[in-house]
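Commentary on secondary and tertiary structure
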Amino acid sequence: MTVTAPERSTIEATLRTQRIELPSWAFGNSGTRFKVFAQAGVPRDPYEKIADAAEVHRYTGVAPTVALHIPWDKVDDYKQLADHARSLGVALGTINSNTFQDNDYMFGSVCHPDARVRRKAVDHLLECIDIMDATGSQDLKLWFADGTNYPGQDDIRGRQDRLAESLRIVYDRLGPSQRMVLEYKLFEPSFYTTDVPDWGTSLVQCMALGPKAKVVIDTGHHAPGTNIEFIVASLLRLDRLGGFDFNSRFYADDDLMVGAADPFQLFRIMHECVKGGALDADSGVAFMLDQCHNIEPKIPAQIRSVMNVQEATAKALQVDLPALVAAQASGDVLGANAILMDAYDSDVRPLLAGIRERMGLDPDPVAAYGRSGYAERIARERVGGAQAGWGA
Ligand code: RM4
Ligand code: MN
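What counts as what
Residues numbered from 1 in each chain as written. Chains lettered and ligands numbered in written order. Predicted model: local features only at pLDDT ≥ 70, side-chain atom pairs only at ≥ 80, totals over all residues. Heavy atoms only, no water. Helix = DSSP H or I, 4+ residues; strand = E, 2+ residues; numbered from the N terminus. Contact = heavy atoms within 4.5 Å. Areas by Shrake-Rupley, 256 points an atom, 1.4 Å probe, with all protein chains shown as cover. Core = buried A, V, L, I, M, F, W, Y, C linked by side-chain atoms within 4.5 Å. Buried < 20%, exposed > 50% of the residue type's maximum accessible area, 1.4 Å probe, protein only. Donors = N, O, S within 2.8 Å, 3.2 Å for Na, K, Ca; no water. Tetrahedral: all angles 85-135°; square planar, octahedral: opposite > 155°, others 65-115°. Pairing = 2+ DSSP bridges. Axes fitted to C-alpha atoms, helices over the stretch in contact; angles between N-to-C directions. Near = heavy atom within 4 Å. Polar contact = N/O pair within 3.5 Å; in protein donor to acceptor, adjacent residues only side chain to side chain. Nonpolar A, V, L, I, M, F, W, Y, C, P; charged D, E, K, R; others polar. Right-handed = clockwise from strand over helix to strand, strands pointing away. Salt bridge = Lys/Arg side-chain N within 4 Å of Asp/Glu carboxyl O. Patch = residues over 30% accessible without salt bridge, like charges linked within 9 Å, V, L, I, M, F, W, Y side chains within 5 Å.

1. With respect to the overall build of the protein chain
When its secondary structure is counted, the protein chain shows 14 helices and ten strands. Along the three orthogonal principal directions, the C-alpha set of the protein chain runs to about 60 × 55 × 40 Å. Sequence separation of at least 24 residues holds for 77% of the intrachain contacts in the protein chain that already meet a minimum separation of 6. Accessible surface, the protein chain: about 17200 Å² in total, of which carbon and sulfur atoms supply 55%.

Put into structure tokens, the structure is as follows:
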């Protein structure tokens, strides 16, 4: 592996071209099964969600795409929605499928024992690809709530076969520049088995499908203590990392702001990304947020999240890789660790503030958004209608 010392100009160029995709659902109301606290000014439709996402891009300059969730973001005319996004300076991104909110899916979707239900789920996924054709989106993101609650409830191996059969139909429908990215999650809503519980299962299914199937790492979907950067390194090595759903968690899947619970973990993940070329424009690794903001205001929380990813990236770019490689080769355990920690402990906020200024942005995006009056305006204007939520 050839490594070069980090050049300030290269670091700046990478930080300027980094792209972070926003989830439309972060702007709607969300909560727990105990209570959803509605917020003033929350979007009533996908058009308003995109307008809010465009605000995040306006102040950060690195979040120019918005992921949609179908059917939450279903509209009659996707071309019109794409034009609306473009008029606000953003574009539509990944299409996220939803096979977990229909009564038919009580025992699963693409793994369901009944072929009729499997067909219904597959048809939804095919419809999502039709939408991708209309929006120009590249990625179909698959997350399945499929699984079982009780030992003996269904055949574990049979469900894997059904999964493979269903995914094959969807994969074969992908256009030449389209991909499917398969997310895994340890548990919930299923409590005994989950059909795609880990990166191994996702990888095996993707490998059987072909090169356009890649694994998505949702940082919140692991058991406590899981070494996520190991997964990142392994998938990059195999060219099977499709992207990230960034968020953070203290306990289970609580979708807190990325970098909030464990900024060191985010740094370690970004360090593997830097080493593995995941930040290169043609890497095929999508950096997305998958979060919800239950008690904090949503637009500034998304801005903060983008900044957290930028800070972890900037720190990872500070790592003196030639020195690290030399320390590793000579068995200098403490030296190697110190090189990594030096980068993590550096304050990259002045660097990022300077880059923003050179990009014509305010050095403090959260403060600039706060001064803009946008939050007050949407609270005033968005009255009547039903606020968007997860439809759960
Ligand atoms: C799931 C998974 C998906 C996301 C939904 C809302 O747990 O993380 O990526 O689309 O939640
Ligand atoms: Mn996710």
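2. Here we look at unusual backbone geometry
Looking along the chain, the bond that leaves Ile 70 and enters Pro 71 is cis, with omega of 15°. For Pro 71, the location among the structural elements is in the loop between β2 (65-69) and α3 (78-87). Of note, the amide linkage connecting Glu 188 to Pro 189 takes the cis form, showing an omega dihedral of 10°. By secondary structure assignment, the location of Pro 189 is in the loop between β6 (179-183) and β7 (193-194). In this structure, Glu 188 is a non-glycine residue whose phi angle is positive, near 80°. Within the secondary structure, Glu 188 sits in the loop between β6 and β7. Of note in the backbone geometry, Asp 255 takes a positive phi value of approximately 50° without being a glycine. Note that Asp 255 resides in the loop between β9 (241-246) and α8 (263-275).

3. A closer look at the nonpolar core
Residues Phe 144, Ile 217, Val 232, Phe 244, Phe 246 and Phe 287 are the most contacted members of the largest nonpolar core, which totals 92 residues. Per-element accounting of this core gives the leading share, nine residues, to helix α4 (residues 115-135). Other than its neighbours up to four places away in sequence, Val 232 contacts Ile 217, Leu 241, Phe 244, Ile 269, Glu 272 and Cys 273. Among the nonpolar cores identified, the runner-up in size contains eight residues, and Val 348, Leu 351, Leu 352 and Ile 355 belong to it.

4. Things to note about the coordination of the manganese ion (ligand 2)
Looking at the manganese ion (ligand 2), the protein donor atoms are Glu 183 (OE), Asp 218 (OD), Asp 245 (OD) and Asp 290 (OD), and they sit 2.1 to 2.2 Å from it. Around the manganese ion (ligand 2) sit six donor atoms; with metal-centred angles ranging over 72 to 161°, the donor geometry is octahedral.

5. A closer look at the sheet that holds strand β8 (residues 213-218)
The strand order across the open sheet formed by eight strands is β1-β2-β3-β4-β6-β8-β9-β10, and the pairing between neighbours is parallel. At either end of the open sheet lies a strand with only one pairing partner, and these are β1 (22-23) and β10 (286-289). Two elements, strand β4 (residues 139-142) and β6, share four bridges in a ladder whose sense is parallel. By the bridge assignment, Leu 142 is partnered in β6 with Leu 182. Across the face of the sheet, α3 comes into contact with β2 and β3 (91-96) while running at roughly 130° to β3. Contacts from α4 reach β3, β4 and β6, with the element oriented near 150° to β4.

6. So, the site of ligand 1
The environment of ligand 1 is made up of Trp 25, His 69, Trp 72, Trp 143, Glu 183, Lys 185, Asp 218, His 221, Asp 245, Asp 253, Asp 290 and Trp 390. For ligand 1, an oxygen atom lies 2.7 Å from a polar atom in the side chain of Glu 183. Asp 245 is positioned such that a nitrogen or oxygen atom in its side chain is 3.0 Å from an oxygen atom of ligand 1. For ligand 1, the accessible surface in isolation is 290 Å², of which the surrounding protein chains cover 96%. Residue classes in the shell around ligand 1 are distributed as four nonpolar, two polar and six charged.

7. As for the pairing of β2
Of all five residues in β2, four are buried, a share of seventy percent or more. Pairing analysis gives two bridges linking β1 to β2, with the strands arranged parallel. The residue bridging Pro 23 from the neighbouring strand is Ala 67, located in β2. Viewed along the sheet, the connection from β1 through helix α2 (residues 46-60) into β2 turns out right-handed. Of the pairings in the sheet, the one linking β2 to β3 comprises four bridges and is parallel in character. Looking at β3, one finds that Val 66 is bridged to Leu 92. Between the parallel elements β2 and β3, the chain passes through α3 in a crossover that is right-handed.

8. Section: the pattern of salt bridges
Tallied over the full model, the rule gives 31 salt bridges. The shortest N-O distance in the salt bridge between Arg 382 and Asp 52 comes to 2.9 Å. Of this pair, Arg 382 sits in the segment after α14 (374-381) while Asp 52 sits in helix α2, and the two are 330 residues apart along the sequence. The exposure class assigned to Arg 382 is buried, which follows from its relative accessible area of 10%. Residue Glu 55 is joined to Arg 58 by a salt bridge in which the shortest nitrogen-to-oxygen separation is 2.9 Å. Here Glu 55 pairs with Arg 58, and both are found in helix α2, just three residues apart, close to one helical turn. A relative accessible area of 5% places Glu 55 in the buried class. Salt bridges here are not isolated pairs; linked through shared partners, they connect Arg 44, Glu 48, Asp 52 and Arg 382.

9. Some points on a nonpolar patch on the surface
Among the surface-exposed residues, Leu 186, Phe 187 and Phe 191 lie close enough to one another that they form a single nonpolar patch of about 300 Å² accessible area. Mapped onto the elements, Leu 186 comes out in the loop between β6 and β7.

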